[in-house]
Amino acid sequence: MANVITDETIEYVGILSKLELNAEQKEQAKKDLEEMLDYIDQLGELDTEGVEPMSHVHPLCNRFREDVVTNGDDRENILANAPEKKDGTFVVPRTFD
C-alpha cells in the first residue's frame, strides 16, 4: 500500500460529504480509499501508447432523422369533429379571466 490516508483527510471528506462516521466506519473508509488510490496508481502503470483517448465507451453517431411531413395540411378533416371552431382553429375555453 503506497497510499496512506490520514485521519484528518477522512474527517475532511466526512465534512464535505456531510457524513457522520463512527470510528469503525472511519477506519473502513480509510482502507477503502487507500485501495482505490492504489488501484488508480496501478492503472497509471499501463502502457497506453497509441491508444486514442475517448469520451464514451460506445461510439456516438447522429441519431437525428430528416424532418419529413407525413400528414400534410388536412385541416378540414382535423377540424371536422371539433366541438367549436373559428377561422380554421379550435376554440377552447378560457382558463384565466
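In this text, all values refer to a predicted model and were calculated from it rather than measured experimentally.

Caption draft 1: Seen up close, the overall build of the chain. Regarding its fold elements, the chain presents 3 helices and 2 strands. Counting from the amino terminus, helix and strand elements in the chain follow one another as α-α-α-β-β. Taking the principal axes of the C-alpha coordinates as reference, the chain spans close to 80 × 50 × 15 Å. Within the span of the chain, comprising 97 residues, buried residues form 8% of the whole.

Caption draft 2: Spotlight on helix α2 (residues 23–44). Here α2 is 22 residues long and its end C-alpha atoms lie 32 Å apart, about the 32 Å a rise of 1.5 Å per residue gives. Its side-chain oxygen placed 3.1 Å from the backbone nitrogen of Glu24, Asn22 serves as the N-cap of α2.

Caption draft 3: Representation of the side chain of Lys30. Inspection of the secondary structure assignment puts Lys30 in helix α2. Taking the relative accessible area as the measure of exposure, Lys30 reaches 14% and is therefore buried. When sequence neighbours within four positions are dropped, the list of residues in contact with Lys30 reads Ile5, Thr6, Asp7 and Ile10.

Caption draft 4: The side chain of Glu34, seen in detail. Tracing the sequence through the fold places Glu34 in helix α2. Here Glu34 is buried and forms no salt bridge, its nearest opposite-charge partner Lys30 lying at an N-O distance of 5.7 Å.

Caption draft 5: A look at the packing of helix α1 (residues 7–16) against α2. Between α1 and α2, the least distance of the axes is 10 Å, while the angle of their chain directions is 100 degrees. Put simply, α1 runs roughly perpendicular to α2. Along the contact surface, α1 presents Asp7, Ile10 and Glu11, while α2 presents Lys26, Glu27, Ala29, Lys30 and Leu33. For the contact of α1 with α2, the class distribution of residues is 3 nonpolar, no polar and 5 charged.

Caption draft 6: Examining a nonpolar patch on the surface more closely. Together, Tyr39, Leu43 and Leu46 line one region of the surface with nonpolar side chains, adding up to about 320 Å² of accessible area. Note on Leu46: relative accessible area 53%, which makes it exposed.

Caption draft 7: Quick peek at unusual backbone geometry. A positive phi angle is found at Lys18, which is not glycine, with a value near 55 degrees. Mapped onto the elements of the fold, Lys18 is located in the loop between α1 and α2. Relative accessible area serves as the criterion here: at 74%, Lys18 is assigned to the exposed category.

Rules used throughout
Residues numbered from 1 in each chain as written. Predicted model: local features only at pLDDT ≥ 70, side-chain atom pairs only at ≥ 80, totals over all residues. Heavy atoms only, no water. Helix = DSSP H or I, 4+ residues; strand = E, 2+ residues; numbered from the N terminus. Buried < 20%, exposed > 50% of the residue type's maximum accessible area, 1.4 Å probe, protein only. Expected span 1.5 Å × (residues − 1). Polar contact = N/O pair within 3.5 Å; in protein donor to acceptor, adjacent residues only side chain to side chain. Contact = heavy atoms within 4.5 Å. Lys, Arg positive; Asp, Glu negative; His and termini not counted. Salt bridge = Lys/Arg side-chain N within 4 Å of Asp/Glu carboxyl O. Axes fitted to C-alpha atoms, helices over the stretch in contact; angles between N-to-C directions. Parallel < 35°, antiparallel > 145°, perpendicular 65-115°, else oblique. Nonpolar A, V, L, I, M, F, W, Y, C, P; charged D, E, K, R; others polar. Patch = residues over 30% accessible without salt bridge, like charges linked within 9 Å, V, L, I, M, F, W, Y side chains within 5 Å. Areas by Shrake-Rupley, 256 points an atom, 1.4 Å probe, with all protein chains shown as cover.

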